[in-house]
Amino acid sequence: MEAVLLARLQFVLTISFHYIFPPLTFGVSLLIAIFLGMNLKTGKQLYDDMAKFWTKIFLIIFTVGVASGIVMEFQFGTNWEAYSRFVGDIFGAPLAIEGVFAFFLESTFLGVLIFGRNKVSKKFYFFSALMVVLGSTMSAFWIIVANSWQQTPAGYQIVDVLDSAGNIIGKRAELIDFFAAVFNPSTLPRFFHAVVGGWIAGSFLIAALSSWYLLKKRNIEFAKNSLKIALIVALFSSLTQVMIGHWHAVVVAKHQPVKLAAMEGLFETQKNAPLSLIGIPNAETKQLDYEISIPGLLSFLIDFDTDYEVKGLNDYDESLHPPLFLTFTSYHIMVGLGMLFILFPLIGLYLIWKNKIENSDLFNKLMLSMLILPTMANQLGWMAAEVGRQPWVVQGELKTADAISKVVSSGEILTSIIIFGILYLFLGILFVYLVAKKVRKGPEALIITK
Amino acid sequence: MEVTFLQNIWFILIGVLLIGYAILDGFDLGVGILQFFTKNDKDRRILINSIAPFWDGNEVWLLTGGGALFAAFPHAYATVFSGFYLALILLLVGLIFRAVCMEFRGQVESDSWKHFWDKAFNFSSFLITLLLGVALGNIFVGIPLGADMNYTGSFFTLLRPVPVVIGLTGVFMFIMQGAIYLTMKTEGDLHNSSIKWAKNSWRLFIIALALTTVLVAVLEADKFSLFISRWGAYPVLAIMIISLVMIIPSINKGKFFQAFLFSSLTIASMFLIVALTIYPNIVPATDPAMHMAISRVSASEYTLQSMFIVALIGVPIMLVYTTYVYRIFKGKVKLDEHSY
């Protein structure tokens, strides 16, 4: 197989496995901080027990996230050497800043969160939890700065690279405006979109596992309270996400119109452009098969004006089209799931308000089945963003095919795919097994020590 | 080409990050290898818990060093990471395994489960140490590079005698660092074992260091003479020898923290020797015409300057809370309900 294809597969494998975990850590760490804060405020032991138990689950998530995250920083250099040379002047900076401002903070205070319970005051312990939340959020910010710069590059110029004899051997992007690069057009919407996506994923995880206790009639008080707070966070996040998602889509429409056209399956440039609900984009016939759409809504959503002209795929050379099916489908399923994420917390909170949650087996079963859907939505969102940018690795400047390491053979990349594939499968199975084991053992295993 | 002030600063800062990494992750990697020599489960747990609150933060020094190399010398990052491909994949496997071993081992009450994670912990700690040492050894002696700044050797080029011996020297150095760290953290029999480990690894480290010196003098005579021609060589050598010699008396007097500082100083001197030998290149080539000089392969002055401001703000903050948290966990390890 071609080295570029293999290197892309390797990236898909490592990023998608890794990206299961950081969003969950955003959400779960936020809830832990909320539980500890409520314990400080009310003095109720129950909240402390909740923080204690969910921290144990958090640790397993965090561990696999850290383990798989190390690969990410290395593989720009290993598999994408030409890319690293081209963007290094700009892309390396946020990675280094992520280390200095986020990783140190997160890992140092995580040490306190795990081992410091008996060694520091309650207030400092709560502060440590907040620092873990801040660390993971800043980490998200800087990594998204780097990624967003690839999507909507800004604050740079292209210059020649010379060899030792002074001959031109390539080109690279040089930074000329730090803040323009950091706050490039897509940074903020993508940052909020990803972090809030993490809050949804983390709160749904806790809500779903709490529902499992309610189904099993175990730890009722513990589960009801965990469920309630998780659902409040989930509802707040899902509603916020609608606005952020919209903001993000408008930025894509303005700055990456081809990607938007692919996400919407829009072939013809038109005013009064429709918002597609379902369909399968057909590159042969250049139309959306099985289309169900709302006329004018896409134009309206982008500019609050149905007269707004949206560019279609036909306006762009076919070599610049991203893979249509993947982009369209992943985007649409993500949006559909987003609607479910509003509905579920609403129903759940209604049942809690009516004091019926303990006996609502149907709701709890459905809630449990929602366990991994937000994680899937995050994956699909990431996929839409990354596949939708193809064939570019840096929008308008560098093609993915030109970004690969020249000295690495396809055999070597294949070797690494096999090694990481086996390793991640092993870690993935262990992760599920260990979380399930912790949940089955339950919070009572921790609380009797008090 | 003239080397600018900021290029020098970043050469130094990356050196500082690598030295910080070697001193800090050095002790926890060393503890990871030493766990292999413990006799019972309680001792194994004490060793793990002696490093558990810190190892993740220590590893961030490496990640930040990698990021800083990418930001300040992107060509060096691209050349080394693509050139050392298979070695780095192995290193990543080691880092992944080690990251999960400590957390996973206590999750299941089964001897074979714990045995598996202990062995994975020992082996991955060893593998990481050895690979990093061999990588540094290769940078020290230079690697084959083409005009396009790409690596032209193979995986086996990395296994030349001098880099391999430097790698082994690094293994004993980290074991020594880990053992001295343990003398501060353990009590009773385990404390006595730690002292024995520290002294034995000190001896083995000196033997490996002597072997490295001889091999470099014979096989890499130009590096040897280049180093001793540098003005900084003699103070660095003096510091290294004095701190290395002072380790044993410090241990004998029971001044274990002092021994740890001397061991850390030894590690720092080793890195300074490499830095003084390769400067003004960041990745020396086997063919001098292809050297990757810091003046040629650095990021733009503007990026170096922006990143320098970031470092001036971020690093002091980081040092303050890191030091604070180390103090929270100071003293001998006592196992409690929150331990692994």
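Model, not experiment: these values are computed from the prediction.

This next bit is on the overall build of chain B. When its secondary structure is counted, chain B shows 13 helices and two strands. Computed over the C-alpha atoms, the radius of gyration of chain B is 20 Å, within 12% of the 20 Å expected from 2.2 N^0.38 for a compact globule of 340 residues. Its C-alpha atoms give chain B principal-axis dimensions of about 60 × 40 × 35 Å. Looking at the 340 residues of chain B, the share that counts as buried comes to 62%. The contacts in chain B between residues at least 6 apart in sequence include a share of 78% that link residues at least 24 apart.

On to unusual backbone geometry. Cis geometry is found at the peptide bond from Gln390 of chain A to Pro391 of chain A, where omega equals 5°. By the secondary structure assignment, Pro391 of chain A is in the loop between α13 (373-387) and β5 (392-394). Here the residue pair Tyr279 of chain B and Pro280 of chain B is connected by a cis peptide bond, since its omega of 5° sits within 30 degrees of zero. Relative to the helices and strands, Pro280 of chain B is located in the loop between α11 (256-278) and β1 (281-283). At Asn219 of chain A, a residue that is not glycine, the phi angle is positive and equals roughly 45°. Within the element layout of this structure, Asn219 of chain A appears in the loop between α7 (187-215) and α8 (220-255). Taking the relative accessible area as the measure of exposure, Asn219 of chain A reaches 22% and is therefore partly exposed. A positive phi angle, near 55°, is found at Lys286 of chain A, a position not held by glycine. Among the secondary structure elements, Lys286 of chain A is positioned in the loop between β3 (275-282) and β4 (287-294).

Here we take up the interface of chain B and chain A. Contacts between the two partners involve 74 residues from chain B and, on the opposite side, 77 residues from chain A. At the boundary of chain B with chain A, the tally comes to zero salt bridges. Linking chain B with chain A are 16 residue pairs in polar contact (both at pLDDT 80 or more), by the criterion used here. Looking at the side of chain B that touches chain A residue by residue, the classes come out as 48 nonpolar, 19 polar and seven charged.

The next thing to look at is the packing of helix α8 (residues 188-219) of chain B against helix α10 (residues 233-252) of chain B. Residue and element names in this part refer to chain B. Across the interface, α8 lies against α10 with an axial gap of 10 Å and an inter-helix angle of 160°. It follows that α8 is roughly antiparallel to α10 by the angle criterion. Where α8 crosses over α10, the handedness of that crossing is left-handed. Across the interface between the two elements, Ile195, Ala198, Lys199, Trp202, Phe205, Ile206 and Leu209 of α8 pack against Met240, Leu244, Ile247, Ile248, Ile251 and Asn252 of α10. Of the residues assigned to the contact of α8 with α10, the class counts are eleven nonpolar, one polar and one charged.

Before going further, it helps to spend a moment on the packing of aromatic side chains. This model, assessed by the stated rule, comprises 56 aromatic pairs over all chains. Seen in terms of ring centroids, Phe91 of chain A and Phe70 of chain B are 5.9 Å apart; in terms of plane orientation they differ by 50°. Their pairing is tilted. You can see Phe91 of chain A sitting in helix α4 (residues 81-115) and its partner Phe70 of chain B sitting in helix α3 (residues 55-72), one on each of two chains. The two residues Phe91 of chain A and Phe70 of chain B agree in class, both being buried. Consider the rings of Phe54 of chain B and Phe329 of chain B, whose centres lie 5.9 Å apart with planes at 85°: the pair is edge-to-face. One end of the pair, Phe54 of chain B, is in the loop between α2 (41-51) and α3; the other, Phe329 of chain B, is in the segment after α13 (301-328), and 275 residues separate them in sequence. For Phe329 of chain B, a relative accessible area of 7% translates into the label buried.

Here the focus is helix α1 (residues 5-34) of chain B. One turn of the α-helix equals 3.6 residues, which is why residues spaced by three or four share an orientation. The end-to-end C-alpha separation of α1 of chain B is 42 Å, in line with the 44 Å expected for 30 residues at 1.5 Å each. α1 of chain B sits mainly inside the fold: 23 of its 30 residues count as buried.

Residues and elements named next belong to chain A. Counting across every chain of the model gives 22 salt bridges over all chains. In this structure, Lys224 and Glu358 form a salt bridge, with 2.9 Å as the shortest nitrogen-oxygen distance. Of this pair, Lys224 sits in helix α8 while Glu358 sits in the loop between α11 (324-353) and α12 (361-369); the two residues are 134 residues apart in sequence, bridging distant segments of the chain. Judged by relative accessible area, Glu358 falls into the partly exposed class, the value being 29%.

If a probe the size of a water molecule is rolled over the atoms, the empty space left behind becomes visible. If you walk through the whole model with that rule in mind, you get five cavities of 30 Å³ or more. In this structure, the largest cavity occupies an estimated 160 Å³ of space. Taken together, 17 residues form the lining of the largest cavity, with Leu110 and Ile114 of chain A together with Trp55, Asp56 and Tyr340 of chain B sitting closest to its centre. Secondary-structure elements contributing two or more residues to the lining of the largest cavity are α3 (45-79) and α4 of chain A together with α3 and α5 (85-105) of chain B.

Moving on, we come to a nonpolar patch on the surface. Residue and element names in this part refer to chain A. On the surface, Phe179, Phe183, Leu188, Phe192 and Trp247 cluster together into a nonpolar patch covering about 490 Å² of accessible area. Relative to the assigned elements, Phe192 resides in helix α7. Here Phe192 falls in the partly exposed class, since its relative accessible area comes to 35%.

The biggest cluster of nonpolar side chains holds 268 residues, and the ones touching the most others in it are Trp54 and Tyr83 of chain A together with Trp10, Phe73 and Phe104 of chain B. Examining the composition of this core, we find that 19 residues originate from one element, α3 of chain A, more than from any other. With residues up to four places along the chain from it excluded, the contact list for Trp10 of chain B reads Ala68, Ala72, Phe73, Leu304, Met307, Phe308 and Ala311 of chain B. Judged by nonpolar contacts, the second largest core, of six residues, contains Ala261, Ala262, Phe267 and Leu313 of chain A.

Moving on to the side chain of His75 of chain B. Here His75 of chain B shows up in helix α4 (residues 74-83). Apart from residues lying up to four places away in sequence, His75 of chain B is in contact with Arg85, Val161 and Arg172 of chain A together with Met149, Met292 and Val297 of chain B.

Criteria and thresholds
- Residues numbered from 1 in each chain as written.
- Chains lettered and ligands numbered in written order.
- Predicted model: local features only at pLDDT ≥ 70, side-chain atom pairs only at ≥ 80, totals over all residues.
- Heavy atoms only, no water.
- Helix = DSSP H or I, 4+ residues; strand = E, 2+ residues; numbered from the N terminus.
- Rg over C-alpha atoms; globule rule 2.2 N^0.38 Å.
- Buried < 20%, exposed > 50% of the residue type's maximum accessible area, 1.4 Å probe, protein only.
- Contact = heavy atoms within 4.5 Å.
- Salt bridge = Lys/Arg side-chain N within 4 Å of Asp/Glu carboxyl O.
- Polar contact = N/O pair within 3.5 Å; in protein donor to acceptor, adjacent residues only side chain to side chain.
- Nonpolar A, V, L, I, M, F, W, Y, C, P; charged D, E, K, R; others polar.
- Axes fitted to C-alpha atoms, helices over the stretch in contact; angles between N-to-C directions.
- Parallel < 35°, antiparallel > 145°, perpendicular 65-115°, else oblique.
- Left-handed = near helix turned anticlockwise from the far one by under 90°.
- Phe/Tyr/Trp six-rings, centres within 6.5 Å; stacked < 30°, edge-to-face > 60°.
- Expected span 1.5 Å × (residues − 1).
- 1 Å grid on protein atoms, 1.4 Å probe; cavity = no way out; pocket = protein on both sides within 12 Å on 5 of 7 lines; lining within 4 Å.
- Points joined across faces, edges and corners; volume = space filled by probe spheres on them.
- Patch = residues over 30% accessible without salt bridge, like charges linked within 9 Å, V, L, I, M, F, W, Y side chains within 5 Å.
- Areas by Shrake-Rupley, 256 points an atom, 1.4 Å probe, with all protein chains shown as cover.
- Core = buried A, V, L, I, M, F, W, Y, C linked by side-chain atoms within 4.5 Å.

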